[in-house]
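# Structural overview for review
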Amino acid sequence: MQNNITALINSSETYQQKLSLLSKQFSRLLDINHLDISKYLSQFDLGSTLKSILFTLTEIASHTGIIIIYIIFILIEYGSFNQKLCALFPNLEHRVLATTILSKINSQILSYLR
């Protein structure tokens, strides 16, 4: 995929020229002064814009992947959470305190989400 992205960015100059040609044809069709359009097109760098967009999409995809992995991990571990809590706090008093704290956290998160 990296090769495809690199090839797209490297060929951006060709796309820029084709875009300029299309703007000339468009300006002739609508009888618009082409200098105005080409002035804006010359300031527009298609390569850096594509690079920025593709970088952003890559970042979104990687963050989404990490979030999905976390969700899967949480769902897998949900069933054995109480057993792990009992093993972590063998003392009943400490276990009750930890459960109370977790219940309070859970209710605060639920009230925040509502």
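Residues numbered from 1 in each chain as written. Predicted model: local features only at pLDDT ≥ 70, side-chain atom pairs only at ≥ 80, totals over all residues. Heavy atoms only, no water.

Across its full length, the protein chain holds six helices and zero strands. Here the analysis covers contacts within the protein chain between residues at least 6 apart in sequence; of these, 45% occur between residues at least 24 apart. Of the accessible surface of the protein chain, which amounts to about 9,800 Å², a share of 66% is contributed by carbon and sulfur atoms. (Helix = DSSP H or I, 4+ residues; strand = E, 2+ residues; numbered from the N terminus. Contact = heavy atoms within 4.5 Å. Areas by Shrake-Rupley, 256 points an atom, 1.4 Å probe, with all protein chains shown as cover.)

Here the structure, examined in full by the defined rule, presents one salt bridge. Put simply, Lys 84 and Glu 77 hold a salt bridge, and the shortest N to O gap is 2.1 Å. For Lys 84, a relative accessible area of 45% gives the class partly exposed. (Salt bridge = Lys/Arg side-chain N within 4 Å of Asp/Glu carboxyl O. Buried < 20%, exposed > 50% of the residue type's maximum accessible area, 1.4 Å probe, protein only.)

With 22 residues, helix α6 (residues 92–113) ought to run about 32 Å at 1.5 Å a step, and its terminal C-alpha atoms sit 31 Å apart, in line with that. Between the side-chain oxygen of the N-cap and the backbone nitrogen of Glu 93 there are 2.9 Å, and the N-cap of α6 in question is Asn 91. (Expected span 1.5 Å × (residues − 1). Polar contact = N/O pair within 3.5 Å; in protein donor to acceptor, adjacent residues only side chain to side chain.)

This brings us to the packing of helix α5 (residues 81–88) against α6. Running from N to C, α5 and α6 cross one another at 135°; their axes reach a closest spacing of 9 Å. Relative to α6, α5 is oriented oblique. In this structure, the crossing between α5 and α6 has a hand that is right-handed. Contact with α5, carried on its side by Phe 81, Leu 85 and Cys 86, involves Arg 95, Ala 98, Thr 99 and Leu 102 of α6 and no other residues of that element. Tallied by class, residues from the contact of α5 with α6 come to five nonpolar, one polar and one charged. (Axes fitted to C-alpha atoms, helices over the stretch in contact; angles between N-to-C directions. Parallel < 35°, antiparallel > 145°, perpendicular 65-115°, else oblique. Left-handed = near helix turned anticlockwise from the far one by under 90°. Nonpolar A, V, L, I, M, F, W, Y, C, P; charged D, E, K, R; others polar.)

With that settled, the discussion passes to the confidence of the model for the protein chain. Mean pLDDT over the protein chain: 81, with 84% of residues reaching 70 or higher. Of all secondary-structure elements in the protein chain, the lowest mean pLDDT belongs to helix α3 (residues 34–43), at 62, while α6 reaches the highest, 92. (pLDDT = per-residue confidence, 0-100.)

Our focus in this paragraph is a nonpolar patch on the surface. A contiguous nonpolar patch, built from Phe 81, Leu 97, Ile 101, Leu 102, Ile 105, Ile 109, Leu 110, Tyr 112 and Leu 113 and spanning about 910 Å² of accessible area, is present on the exposed surface. In terms of residue count, the dominant contributor to the nonpolar patch is α6 (eight residues). Considering the arrangement of structural elements, one finds Leu 97 in helix α6. Residue classification places Leu 97 among the exposed residues on the basis of a relative accessible area of 51%. (Patch = residues over 30% accessible without salt bridge, like charges linked within 9 Å, V, L, I, M, F, W, Y side chains within 5 Å.)

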